[in-house]
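Given next are the chains, with one letter for each unit.
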Amino acid sequence: MSATATEPQPTEPPSRVLRAAFRGFAAIERVGNKLPNPFWLFWILAGVVAVLSAVLAANGVSAVNPGTHETLKVQSLLSQAGLTTMVEGAVDNFAAFPPLGTILIVGFGIAVAEASGLFTTLLRRMVARVPGRYLTFALSMTAMVAHVAGDAAYVTLIPLGALIYRAAGRSPVLGCIVAYVSISAGYDASPSLTTTDTLLSSISTAAARTIDSHYTVTPVANYFFALASSVLVALVITLVVDKVIAKRSDLDPDEPVTALSAAEVKAMEVTPEQRRALRLTGLVALGFVALLVAAMIPASSPLRGKGGSLVESLVVSGMSLVLCVFFTLVGWVYGRAAGTFRAARDIVEALAEGTRTYAPILVLFFAISQFLAYFKWTNIGDILAIKGAETLKDLQLNGWTVLVGVAVLITFMNLVITSGSALWALAAPVIVPMLMLVGIEPETTQAIYRVADSVTNCVTPMSPYFAMALGFIQQYRKSAGIGTLASFTIPIAAVVWIVWVAFFVVWYLLRIPLGVS
């Protein structure tokens with residue numbers, strides 16, 4: 001399968017609204033394709049910050065921090081002190097970049113679990129024998145669980161969705177669409193902790209500490225909201241798909257839906273050995289969690305934080321290592337039981353192979369870490385946050401109104417910058433402290449960011465997974481193009497955005513805890 005074997009051509013739908021949307025997305029694609037790789041984009045932004053800092057410093061731009069009453073002045077990167085900071089701080093900037101260790105440590109565990117075949121088997125098991133009336137919800141909810149597998153979820157679940165829908169006598173094109181939209185539009189909604197939780201919380205913590213040097217955003221700060229959101233998003237996708245999308249007449253593949261071949265049936269089935277391995281792995285997973293909880297129950301437990309705090313416990317502060325150990329353990333147990341792992345060296349090989357997949361991220365992180373260090377040193381971000389907070393106070397806007405405005409801004413930014421960590425690394429240093437100064441906690445800002453960052457993933461052709469999903473669909477409908485896929489994803493994404501943002505606003509107004517913070 002190749003998503004780029006032929007250049008997909010947009011198809012014109014009868015709806016005037018969708019035609020206008022297609023023209024807008026075509027413009028976004030043209031502009032986005034002219035942007036440099038994110039690695040170079042952050043270096044260009046670093047250059048812009050250097051020049052801007054020199055201009056603002058020459059004009060004496062400053063602001064008073066309302067918390068410390070300290071006067072902050074813009075510092076020029078083009079001064080001797082600035083050049084010294086850039087040259088001597090390069091290694092420390094990269095090594096101390098909060099998401100760097102997080103993505104590597106958690107990635108180690110996920111690499112072992114993925115190499116063992118655990119994720120693939122679990123996803124097949126979750127949707128293989130679901131009654132037809134619950135098929136869409138089961139596939140969508142499985143996608144929410146699959147977020148723990150990261151980008152591997154796309155590769156596994158989209159073709160599996162097509163096979164499952166074919167087995168049920170439904171359009172495989174629809175199966176691809178449901179799987180793709182559920183993974184991408186609900187990317188930050190998950191019933192379990194994922195690398196995204198630790199990645200975003202580390203960036204949020206760094207941003208929050210520009211205002212409060214002791215502030216910490218924990219990896220579980222949005223867990224309650226993410227758990228509830230996973231069910232909500234799956235339900236919304238199910239309703240839109242089954243009540244509207246499934247009734248469209250252009251879902252038919254080029255060839256009539258036929259019975260699955262022996263090879264396709266085998267690709268879906270879970271063998272008795274795999275089922276036994278899953279059961280054993282499930283017991284070990286439950287035992288691991290139970291042991292961790294039991295160890296934290298005593299008030300004098302060394303796992304607890306200062307004063308017996310659970311929020312400041314070693315488990316929460318060391319969540320990256322906990323997740324790494326958990327995924328390594330369940331991956332090893334499954335691999336041994338299923339026969340995919342035979343010796344301890346298999347774990348080392350899985351770790352090495354999994355680490356290779358993170359190479360592009362590490363390269364990007366080097367550029368991001370330098371840009372953020374420059375931005376922080378100049379004080380431009382802090383001054384922007386202070387001035388922005390003063391403007392918001394003058395406007396006397398309600399908190400939820402400001403947060404919805406942030407959601408709109410991030411939604412449009414995400415159409416071009418599709419990397420969630422890169423976008424948050426760019427936005428958080430300004431948005432998080434700015435909203436802290438008007439009384440909105442970083443955990444709340446991060447939560448609305450995650451909503452906005454997720455939904456438009458499935459509609460922007462700038463996403464590499466848009467092309468991947470289109471490639472899978474073209475296996476069944478060779479005439480399908482960008483417009484074909486967008487005509488299905490735009491209505492779903494629009495409804496999910498409205499409902500999810502409204503859900504967040506209600507959650508916010510009712511002051512329900514977003515997670516453990």
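As shown above, the structure is provided for reference.
Residues numbered from 1 in each chain as written. Predicted model: local features only at pLDDT ≥ 70, side-chain atom pairs only at ≥ 80, totals over all residues. Heavy atoms only, no water.

Section: the pattern of salt bridges
Close approach of charged atoms allows side chains with opposite charge to pair. Counted under the stated rule, the structure contains three salt bridges. Here Arg 450 and Asp 197 are joined by a salt bridge, their closest N and O atoms 3.0 Å apart. Of this pair, Arg 450 sits in helix H21 (residues 442-455) while Asp 197 is found in helix H10 (residues 195-208), placing the two residues 253 residues apart along the sequence. By the burial criterion, Arg 450 is buried, and Asp 197 matches it. Salt-bridge contacts for Arg 276 lead to Glu 273; the nearest nitrogen and oxygen are separated by 3.8 Å. (Salt bridge = Lys/Arg side-chain N within 4 Å of Asp/Glu carboxyl O. Helix = DSSP H or I, 4+ residues; strand = E, 2+ residues; numbered from the N terminus. Buried < 20%, exposed > 50% of the residue type's maximum accessible area, 1.4 Å probe, protein only.)

Let's talk about the packing of helix H22 (residues 464-474) against helix H23 (residues 482-509)
Viewed as axis vectors pointing N to C, H22 and H23 meet at an angle of 105°, and their least axial separation amounts to 10 Å. By the angle class used here, H22 and H23 are roughly perpendicular. In this structure, H22 contributes Phe 466, Ala 469, Leu 470 and Ile 473 to the contact, and H23 contributes Ile 482, Leu 485 and Ala 486. For the contact of H22 with H23, the class distribution of residues is seven nonpolar, no polar and no charged. (Axes fitted to C-alpha atoms, helices over the stretch in contact; angles between N-to-C directions. Parallel < 35°, antiparallel > 145°, perpendicular 65-115°, else oblique. Contact = heavy atoms within 4.5 Å. Nonpolar A, V, L, I, M, F, W, Y, C, P; charged D, E, K, R; others polar.)

Thoughts on unusual backbone geometry
Notably, Asn 379 is not glycine yet its phi reads approximately 75°, a positive angle. Examined against the element boundaries, Asn 379 turns out to sit in the loop between helix H17 (359-378) and helix H18 (380-395). Asn 379 sits in the buried class, given a relative accessible area of 14%. Its identity as a non-glycine residue notwithstanding, Arg 511 has a phi of 60°, on the positive side. Judged by relative accessible area, Arg 511 falls into the exposed class, the value being 75%.

Looking at the nonpolar core
Counting residues in hydrophobic clusters, the biggest one holds 126 residues, and the most contacted among them are Leu 157, Ile 177, Tyr 180, Ile 368, Leu 435, Ile 492 and Trp 500. If you tally residues by element for this core, the top one is H23, at 13 residues. Setting aside residues no more than four positions away along its own chain, Ile 368 makes contact with Phe 42, Phe 97, Ala 422 and Ala 425. One finds Ile 110, Val 148, Leu 323 and Val 330 within the second-largest nonpolar core, a separate group that totals 23 residues. (Core = buried A, V, L, I, M, F, W, Y, C linked by side-chain atoms within 4.5 Å.)

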